[in-house]
Amino acid sequence: MEHLKDFKKVKFEGKDSKNPLSFKFYDSEKIILGKKMKEHLPFAMSWWHTLGANGADMFGRGTIDKSFGEAPATMEHAKAKVDFGFEFMSKLGIEYFCFHDVDLVPESDDINITNQRLDEISDYILVKMKETGIKCLWGTANMFSNPRFMNGAGSTNSVNVYAFAAAQIKKALDITVKLGGKGYVFWGGREGYETLLNTDVKFELDNIARLMKMAVTYGRKIGFKGDFYIEPKPKEPMKHQYDYDAATAIGFLRQYGLDKDFKMNIEANHATLAGHTFEHELRISAINGMLGSIDANEGDPNLGWDVDRFPVDVYSATYAMLEVIKAGGLTGGFNFDAKNRRPSNTIEDMLQAYILGMDTFALGLIKAAEIIEDGRIDAFIKDKYSSFNSELGQKILNNSTSLEELAEHAYKLKDANDPGSGRQEYLESVVNQILFK
Ligand code: XUL
Ligand code: CO
């Protein structure tokens, strides 16, 4: 069997290297726009895909053995995952990890036992964190796998299930704080509905907000200073999920007075499912002061579901990095919520997947910085709106005009045909010129 110890630490070798286990573009110490690449790109390993997922899908069993030499559903296995995970992150120079409660330990039928296991494993993880300097990006509670959440967690019809969701969030917050996590995520996989015939939407939304408020109150009480995140997703597993996209989630947070404590965790593949580009979701979050963290992965235009590929599309990474740079960076990081394709079933493939993702975002960063330094695109956008520099334009921007005054202006003009070209093809060719220079 392959062992991780058989692989050397992955190093930057540059774009001409033919060594598959080297970075071609990710050069952690390289300075881009005044900051180290690794500071622009705080990468994180997802515990679930990396240490849990074994390639099983709806039609077949797993293709890669992730027992790490231990029996499944034991604490020995949970610890072996920790050992492998920290060695894996160290080999790649990844400085953060993200987890769900039940990724860390096997879930018992008794929540009290699960919680004891979480105490034990988090002690074990803390030691590894001290040894390696690796940190926790965010934690979350899995409130979607257990059958009790079939009608939702915060949106459930059952008081008992609602209390279980609360208990899980409480413990996941305890562990996140214990591990010094920067963020805490809510992904509402079961918060949604199939049909209004069995659903009271307002009741459910109010209750989700109540649960989030209680989480904020408790988190702040135990000293959690980081951001809470909503991770929007329009569908899957539910037909209609309440956190459809960033705009919907932001509206929800504002409606319930949660916007001061929450930001967005934007996942690329979720944007695709919502019919948006990744960069659209980042922009909507950023202009609302809510760009928090990123789940870095990729969808597939030919598939209508959450394929969680490792990022490979340099255009998308470049457009995403333009948004991140312009927003002044993330308060969170880049969590690879991504998995190997099922037939890529070796440890080398796992390393290769992360190398691909890290190199794709490094390229995105390099090219976004070049687009900014080139200046043509920013100059075009500035010029596009320059008619608002006029006296009347300024009045509009200062909210000091009226429909009557604007109408008078229009009547004098009789007609207006001067918006000017959007020049999309030119701008796209600028991007190509910079990408392939
Ligand atoms: C599911 C998904 C989750 C969240 C955390 O699509 O993205 O893994 O990131 O619960
Ligand atoms: Co995700």
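Here, the structure is the one placed above.
This structure is a prediction, so every number in the text was calculated from the model and none was measured.

Novice: With reference to specific residues and values, describe the overall build of the chain.
Specialist: Broken down by element type, the chain carries 16 helices and 14 strands. Its C-alpha atoms put the chain at 80 × 60 × 45 Å along the principal axes. Burial status across the chain gives 49% buried among its 437 residues. Pairs at least 24 residues apart make up 75% of the contacts formed inside the chain by residues separated by at least 6 positions. Approximately 21400 Å² of the chain is accessible, and the part contributed by carbon and sulfur atoms is 54%. Side chains of the chain carry 53 positive and 63 negative charges; the gap between the two charge centres is 3 Å.

Novice: How would you sum up the nonpolar core? Please name residues and give values.
Specialist: Counting residues in hydrophobic clusters, the biggest one holds 118 residues, and the most contacted among them are Trp47, Leu92, Phe97 and Ile125. Beyond its immediate stretch of four places on either side in the chain, Trp47 contacts Gly52, Lys81, Val82, Phe86, Phe97, Cys98, Phe99, Asp103, Leu104 and Ile125.

Novice: An account of the coordination of the cobalt ion (ligand 2) is requested, with residue identities and associated values reported.
Specialist: Looking at the metal site, the cobalt ion (ligand 2) is ligated by Glu231 (OE), Glu267 (OE), Asp295 (OD) and Asp337 (OD), spaced 1.9 to 2.1 Å from it. Bound by 6 donor atoms, the cobalt ion (ligand 2) shows angles of 80 to 170° at the metal and therefore octahedral coordination geometry. Under the relative-accessibility criterion, Asp295 is labelled buried at 0%.

Novice: Can you lay out the site of ligand 1 for me, pointing to particular residues and giving the numbers?
Specialist: What surrounds ligand 1 is the set Trp48, His100, Phe144, Trp187, Glu231, Lys233, Glu267, His270, Asp295, Asp306 and Asp337. One of the side-chain N or O atoms of Asp306 is found 2.9 Å from an oxygen atom in ligand 1. Asp337 places a polar side-chain atom, nitrogen or oxygen, 2.8 Å from an oxygen atom of ligand 1. Surface burial for ligand 1 is 93%, taken as the share of its 300 Å² of free accessible area covered by protein chains.

Novice: Give a description of the pairing of strand 12 (residues 262–267) that names residues and reports values.
Specialist: On a regular strand, one side chain projects to one face of the sheet and the next to the other, so that they alternate. With 6 of its 6 residues buried, strand 12 lies for the most part within the structure. By the bridge criterion, 3 bridges tie strand 10 (residues 227–230) to strand 12 in an arrangement that is parallel. If you follow Ile230 over to strand 12, its bridge partner there is Met264. As paired strands, strand 12 and strand 13 (residues 291–295) are joined by 4 bridges and run parallel to one another. When the bridges of strand 13 are listed, Glu267 appears paired with Asp295.

Novice: Would you mind going over the packing of aromatic side chains in detail, with residue names and values included?
Specialist: Overall, the coordinates contain 25 aromatic pairs when judged by the stated rule. Here the aromatic rings of Phe144 and Trp187 are separated by 4.7 Å at their centres, their planes lie at 75°, and the arrangement is edge-to-face. Residue Phe144 is located in the loop between strand 7 (135–140) and helix 6 (159–178), and its partner Trp187 is located in the loop between strand 8 (183–186) and strand 9 (192–193); the two are separated by 43 residues in the primary sequence. Relative to Tyr354, the ring of Phe336 has its centre 5.5 Å away and its plane inclined at 80°; by these criteria the two rings are edge-to-face. Here the residue Phe336 occupies a position in strand 14 (residues 334–336), and Tyr354 occupies one in helix 12 (residues 347–374), the gap between them amounting to 18 residues. Neither residue differs from the other here; Phe336 and Tyr354 are each classed as buried. Three or more aromatic residues joined by ring pairs make a cluster, and in this case those are Phe23, Tyr26, Phe43, Phe68, Phe84, Phe88, Phe310, Phe334, Phe336, Tyr354 and Phe361. Just above the ring of Tyr426 sits the side chain of Arg423; from NZ or CZ to the centre is 4.1 Å.

Novice: Residue-level account of the state of the cysteines, with values.
Specialist: Counting across every chain of the model gives 0 disulfides. Cysteine Cys98 shares no disulfide, and the gap to the nearest cysteine sulfur, in Cys136, comes to 6.7 Å. Of the residues examined, Cys136 reaches a relative accessible area of 1% and is grouped as buried.

Novice: For the pattern of salt bridges, give the residues involved together with the corresponding values.
Specialist: Within this structure, the stated rule accounts for 23 salt bridges. With its nearest N and O atoms 3.9 Å apart, the salt bridge here joins Glu107 to Arg148. Taken as a pair, Glu107 in the loop between helix 4 (101–104) and helix 5 (111–132) and Arg148 in the loop between strand 7 and helix 6 lie far apart in primary sequence, 41 residues in all. Its relative accessible area of 25% is what places Arg148 among the partly exposed residues. One connected set of salt bridges, linked through shared partners, spans Glu29, Lys36, Lys38 and Glu95.

The rules we used
- Residues numbered from 1 in each chain as written.
- Chains lettered and ligands numbered in written order.
- Predicted model: local features only at pLDDT ≥ 70, side-chain atom pairs only at ≥ 80, totals over all residues.
- Heavy atoms only, no water.
- Helix = DSSP H or I, 4+ residues; strand = E, 2+ residues; numbered from the N terminus.
- Buried < 20%, exposed > 50% of the residue type's maximum accessible area, 1.4 Å probe, protein only.
- Contact = heavy atoms within 4.5 Å.
- Areas by Shrake-Rupley, 256 points an atom, 1.4 Å probe, with all protein chains shown as cover.
- Lys, Arg positive; Asp, Glu negative; His and termini not counted.
- Charge placed at Lys NZ, Arg CZ, Asp CG, Glu CD.
- Core = buried A, V, L, I, M, F, W, Y, C linked by side-chain atoms within 4.5 Å.
- Donors = N, O, S within 2.8 Å, 3.2 Å for Na, K, Ca; no water.
- Tetrahedral: all angles 85-135°; square planar, octahedral: opposite > 155°, others 65-115°.
- Near = heavy atom within 4 Å.
- Polar contact = N/O pair within 3.5 Å; in protein donor to acceptor, adjacent residues only side chain to side chain.
- Pairing = 2+ DSSP bridges.
- Phe/Tyr/Trp six-rings, centres within 6.5 Å; stacked < 30°, edge-to-face > 60°.
- Lys NZ or Arg CZ within 6 Å of the ring centre and 35° of its normal.
- Disulfide = S-S within 2.5 Å.
- Salt bridge = Lys/Arg side-chain N within 4 Å of Asp/Glu carboxyl O.

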